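Commentary on secondary and tertiary structure
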Amino acid sequence: AQSVTQLGSHVSVSEGALVLLRCNYSSSVPPYLFWYVQYPNQGLQLLLKYTSAATLVKGINGFEAEFKKSETSFHLTKPSAHMSDAAEYFCALRVEAAGNKLTFGGGTRVLVKP
Amino acid sequence: KAGVTQTPRYLIKTRGQQVTLSCSPISGHRSVSWYQQTPGQGLQFLFEYFSETQRNKGNFPGRFSGRQFSNSRSEMNVSTLELGDSALYLCASSQDSFSGNTIYFGEGSWLTVV
């Protein structure tokens, strides 16, 4: 079975500071990994995805993530936080055998302080 | 190109009633998945339909069911509603299940059971 763990349910950052959201996964087969963002009262928007083409993945809104197989991690970063980054972020995993089923982490809510 | 459309956006039902939620995927997408999101349990996979066949199912009781039509539109039904069924129900669509697949989410249907 697969699982995703996001360390820290809440993260507070100052505007202009580095955003780092941690995601670790467990999978017995090669995974495909995703980061989604959810703004209040909205659905999920894809930030970026890892599909084995490159370990460093760049996404929308200045976010990027690095796949590290040895650490079973897929942490999300953004060099400089903006007030509009305040939202909840979800890391998710998919494996070929499970079709389009996504297994999600518990989510990390980001607060950006001015 | 229109995104994933879910209707209704908000609804209130009484315990014991049943509810049907609808999802129209992105044009050309053949896979539709459903997720339940609650504060306590997070995002949980309900089921996936592909070309009118249920391809995958999560760990939910039989009160939760779904179907997909020939035009790829999907419905999910919850019978004998319980208070714990109050949640945001998210629909996601994708073209297929190959590795580079992107999975897109709708805005969700907010269900409140009273």
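Each remark here, short or long, concerns the structure printed above.
In this text the structure is predicted, and so the values were computed from the model without any measurement.

Conventions adopted
- Residues numbered from 1 in each chain as written.
- Chains lettered and ligands numbered in written order.
- Predicted model: local features only at pLDDT ≥ 70, side-chain atom pairs only at ≥ 80, totals over all residues.
- Heavy atoms only, no water.
- Helix = DSSP H or I, 4+ residues; strand = E, 2+ residues; numbered from the N terminus.
- Rg over C-alpha atoms; globule rule 2.2 N^0.38 Å.
- Buried < 20%, exposed > 50% of the residue type's maximum accessible area, 1.4 Å probe, protein only.
- Contact = heavy atoms within 4.5 Å.
- Areas by Shrake-Rupley, 256 points an atom, 1.4 Å probe, with all protein chains shown as cover.
- Pairing = 2+ DSSP bridges.
- Axes fitted to C-alpha atoms, helices over the stretch in contact; angles between N-to-C directions.
- Phe/Tyr/Trp six-rings, centres within 6.5 Å; stacked < 30°, edge-to-face > 60°.

Attention shifts here to the overall build of chain A. Along its length, chain A carries zero helices and 11 strands. Shown N-terminal to C-terminal, the secondary structure of chain A runs as helices and strands in the order β-β-β-β-β-β-β-β-β-β-β. Computed over its C-alpha atoms, the radius of gyration of chain A comes to 14 Å, within 12% of the 13 Å expected for a compact globule of 114 residues. Overall, chain A is about 45 × 30 × 20 Å in size when its C-alpha atoms are taken along their principal axes. Looking at the 114 residues of chain A, the share that counts as buried comes to 46%. Sequence separation of at least 24 residues holds for 56% of the intrachain contacts in chain A that already meet a minimum separation of 6. Accessible surface for chain A amounts to roughly 5,300 Å². Of this, 53% is attributable to carbon and sulfur atoms.

Residues and elements named next belong to chain A. Across the sheet, which stays open at both edges, the five strands sit in the order 1-3-8-7-6 with antiparallel pairing between neighbours. Edge positions in the sheet fall to strand 1 (3-7) and strand 6 (56-58), since each has one partner strand and no second. Each adjacent strand pair in this sheet contributes to an overall mean axis angle of 20 degrees, direction not counted. Note that strand 1 and strand 3 (residues 19-26) share five bridges and pair antiparallel. Within strand 3, the residue paired with S3 across the bridge is S26.

Residue and element names in this part refer to chain A. Following the criterion strictly, the structure yields 14 aromatic pairs over all chains and no others. Between F63 and Y89, the aromatic rings sit 5.5 Å apart at their centres with planes inclined by 50 degrees, giving tilted as the arrangement. Note that F63 is positioned in the loop between strand 6 and strand 7 (64-68) and Y89 in strand 9 (residues 87-94), a separation of 26 residues in sequence. For the pair formed by F63 and Y89, the shared burial category is buried. Relative to F104, the ring of F90 has its centre 6.2 Å away and its plane inclined at 90 degrees; by these criteria the two rings are edge-to-face. With a gap of 14 residues between them, F90 in strand 9 and F104 in strand 10 (residues 103-104) connect regions that are remote in the sequence.

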